[in-house]
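Understanding the architecture of this molecule
Chain by chain, the residues:
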Amino acid sequence: MAADMKMAIAEAAMRLLRDKQTKRLTVKDIVEECHITRQAFYYHFADIPELFQWMLERGTERLLRECRIREDPEGALRYFFLLGINAGPQIRKGFRTSYGHEIGQLMDQYVYRFLEQFTEEAGLYQSCSVFQRKLALRYHSGGILGIFKGWSEEDTRNLSQIVHETYLFMVKASETF
């Protein structure tokens, strides 16, 4: 099964980043970690950035499925924040690797895609032009990523208020267009 092998490769890469704190992730490291050949890696992925892209796409799909079962849009946003908080240490380690720039770009895409689906399902920005909606989503994505980058213990204690205010801000912004 191709999907199973892709998942095994992705899990090996995450173990290397998380547990072994690899600074320079290489295909050689990954294939040794999951006991496959280089050809097997390249059959599934063109390179490591494509592997990261695949991992984030699967993560976005999982996140959206989980958010859909939440009671309300604010609950879905809270779930998103909790995932971001919990994934923070691994993401920061990823930024310190030689692929930090690519990971940063993928995180931008990941947050944008989540917010695109989230606002659509929450009924936000429906009266906006495509340009206005994209601009608002870029703005919110940058804001949320900025919040995550500077996340503190105090923020964790104030998580409910941060989620609530973020959601209210998005609703009010949606109404002003």
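Residues numbered from 1 in each chain as written. Predicted model: local features only at pLDDT ≥ 70, side-chain atom pairs only at ≥ 80, totals over all residues. Heavy atoms only, no water.

Turning our eyes to something else, we now look at unusual backbone geometry. Even without being a glycine, H35 presents a positive backbone phi close to 60°. On the secondary structure map, H35 appears in the loop between α2 (27–34) and α3 (38–44). Classification of H35 as exposed rests on a relative accessible area of 72%. Backbone geometry places Y125, a non-glycine residue, at a positive phi of 65°. Within the secondary structure layout, Y125 lies in the loop between α6 (100–121) and α7 (130–149). Overall, the relative accessible area of 2% leaves Y125 in the buried class. (Helix = DSSP H or I, 4+ residues; strand = E, 2+ residues; numbered from the N terminus. Buried < 20%, exposed > 50% of the residue type's maximum accessible area, 1.4 Å probe, protein only.)

Right, let's talk about the packing of helix α4 (residues 48–68) against α6 for a bit. Packing of α4 against α6 leaves a shortest axis separation of 10 Å and a crossing angle of 25°. With respect to α6, the element α4 is oriented roughly parallel. Like other packed secondary-structure pairs, α4 and α6 cross with a definite hand, here right-handed. Contacts between α4 and α6 involve P49, F52, Q53, L56, E57, G59, T60, L63, L64, C67 and R68 from the former and E102, I103, L106, M107, Q109, Y110, R113, F114, Q117 and E121 from the latter. Class assignment for the residues of the contact of α4 with α6 results in eleven nonpolar, five polar and five charged. (Axes fitted to C-alpha atoms, helices over the stretch in contact; angles between N-to-C directions. Parallel < 35°, antiparallel > 145°, perpendicular 65-115°, else oblique. Left-handed = near helix turned anticlockwise from the far one by under 90°. Contact = heavy atoms within 4.5 Å. Nonpolar A, V, L, I, M, F, W, Y, C, P; charged D, E, K, R; others polar.)

Low pLDDT marks regions whose predicted coordinates should not be analysed in detail. Looking at the protein as a whole, its pLDDT mean stands at 88, while 97% of the residues score no less than 70. When mean pLDDT is compared element by element in the protein, α3 scores highest at 95, while α4 scores lowest at 84. (pLDDT = per-residue confidence, 0-100.)

Turning next to the side chain of R133. In this fold, R133 is placed in helix α7. Comment: no salt bridge for buried R133; closest opposite-charge side chain is E120, at 4.2 Å. Engagement of the side chain of R133 in a polar contact is seen with the side chain of T119, the distance being 3.1 Å. (Lys, Arg positive; Asp, Glu negative; His and termini not counted. Salt bridge = Lys/Arg side-chain N within 4 Å of Asp/Glu carboxyl O. Polar contact = N/O pair within 3.5 Å; in protein donor to acceptor, adjacent residues only side chain to side chain.)

Before going further, it helps to spend a moment on α7. If you check α7, its first and last C-alpha atoms are 28 Å apart, about what 20 residues at 1.5 Å a residue would give, namely 28 Å. Buried within α7 are the following residues: R133, A136, L137, H140, S141, I144, L145 and F148. Buried residues of α7 fall within an arc of 160° about the axis and therefore sit on the same side. Exposed positions of α7 whose direction lies more than 90 degrees from the buried face are F131, R138, Y139 and K149. The inward-facing, buried residues of α7 contact α5 (73–95), α6 and α9 (159–176). (Expected span 1.5 Å × (residues − 1). Arc of directions from axis to C-beta.)

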